[in-house]
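These are the residues of each chain, in order.
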Amino acid sequence: MSDLSTFPIARRWPAQRPDRIQLYSLNTPNGVKVSIMLEETGLPYEAHLVDIGNDESHVPEFLALNPNGKIPAIVDPDGPDGKPLGLFESGAILMYLAEKSGKFLPADPARRWETIQWVFFQMASIGPMFGQVGFFHKYAGREYEDKRPLARYVNESKRLLGVLDERLAGREWIMGDEYTIADIATLGWVNNLITWYEARELVEYDRYGHVDAWLQRGLARAAVQRGLKIPSRG
C-alpha cells in the first residue's frame, strides 16, 4: 500500500485508495481541468472535495501542499522514480498527467510547444479575465457603482473570445484534428462564462460561432461531462 503519511493533506482528507492519484479540488473552471483530464486519460484517481466557500483551501494541511491556497492540487503516489509527488497549479498538473499517460500532448516537439503556448494563453488570459467578469457581473463586484472595471473585463473577454474564434476557424480543436490539454484547459472556462457567470449576452457570445461549435464538441465528450461534476459541490 502506498504511504502518503508525509503529506499533511492526507490527514485532513484521508485516502481510501492510497495507491491512486489523490485529487483535492472542487468543480470550478480551474478544478474541472484536472478532473476532465483524469477522466479522459483513465488514470485511476480518488477525488476529495475542498470546500473553498468554507475556506478549506487555506487550512494548514492544504497549504502544506499548495502554499498559494488554491485548488486544484494532486498527490500522485507513483510519481517520478516511483516516489510520491505533490503538485499544484492546474496547467502544471495537466502537463504532468499528459506526460504520465502519454495522451493529449503531441509527441512532435513543435506541436508540443504550440499546444503548451495555448495552455498558457488560457492560464494567463482567459482564466483571469473571465474570472473578473464573473466577479463584477455576478458576485460582490456587481454592487460597485463604478462600472468601469466591469466594462474593461467584458471588453477584454470579447477580445480573447475573438482570438480563440479565429484560431478555431477551420479547426475541430485548438490544435486542429487533435484534442489536447489546450482544449481541456479552456473548455470549462468558456462553459462557465455563459452558464454559471450568466454572461452570454454581456460578452456577445453568440458572435463567436467557431468557439461555440468547439464548445459543443467538447461538451459532447462523455469524459468532459463526468469531469464537470467532479468533485461535486453537493
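Residues numbered from 1 in each chain as written. Predicted model: local features only at pLDDT ≥ 70, side-chain atom pairs only at ≥ 80, totals over all residues. Heavy atoms only, no water.

S.K.: Explain the sheet that holds strand S2 (residues 45-49) here, please?
M.R.: Think of a sheet as strands paired side by side through backbone hydrogen bonds, with each pair either parallel or antiparallel. Spatial ordering of the open sheet is given by S2-S1-S3-S4, a layout of four strands whose pairing is mixed. Both edges of this open sheet fall to S2 and strand S4 (85-88), since each of them pairs with a single strand only. With direction set aside, neighbouring strand axes in the sheet form an average angle of 15°. The sheet contact formed by strand S1 (residues 21-25) and strand S3 (residues 73-76) spans three bridges and is antiparallel. Bridge pairing in S3 links Tyr24 to Ala73. Across the sheet, helix H2 (residues 31-41) touches S1, S2 and S3, and the angle it forms with S1 is around 150°. (Pairing = 2+ DSSP bridges. Helix = DSSP H or I, 4+ residues; strand = E, 2+ residues; numbered from the N terminus. Axes fitted to C-alpha atoms, helices over the stretch in contact; angles between N-to-C directions. Contact = heavy atoms within 4.5 Å.)

S.K.: Just checking my understanding: could you explain the pairing of S2 for this structure?
M.R.: Within a regular strand, side chains alternate between the sheet's two faces. The pairing of S1 with S2 spans five bridges and is parallel. From the neighbouring strand, Ile21 faces S2, where its bridge partner is Tyr45. Following the chain from S1 across H2 to the adjacent parallel S2, one finds a crossover that is right-handed. (Right-handed = clockwise from strand over helix to strand, strands pointing away.)

S.K.: Even after reading the chapter, I still don't get the packing of aromatic side chains, so can you show me in this structure?
M.R.: This structure, assessed with the given rule, holds 10 aromatic pairs. Pairing Trp13 with Phe62 gives two aromatic rings, centres 6.4 Å apart and planes at 80°, and the pair type is edge-to-face. Residue Trp13 is found in the loop between helix H1 (9-12) and S1, and its partner Phe62 is found in helix H3 (residues 60-63); the two are separated by 49 residues along the sequence. Grouping residues by exposure puts Trp13 and Phe62 together as buried. (Phe/Tyr/Trp six-rings, centres within 6.5 Å; stacked < 30°, edge-to-face > 60°. Buried < 20%, exposed > 50% of the residue type's maximum accessible area, 1.4 Å probe, protein only.)

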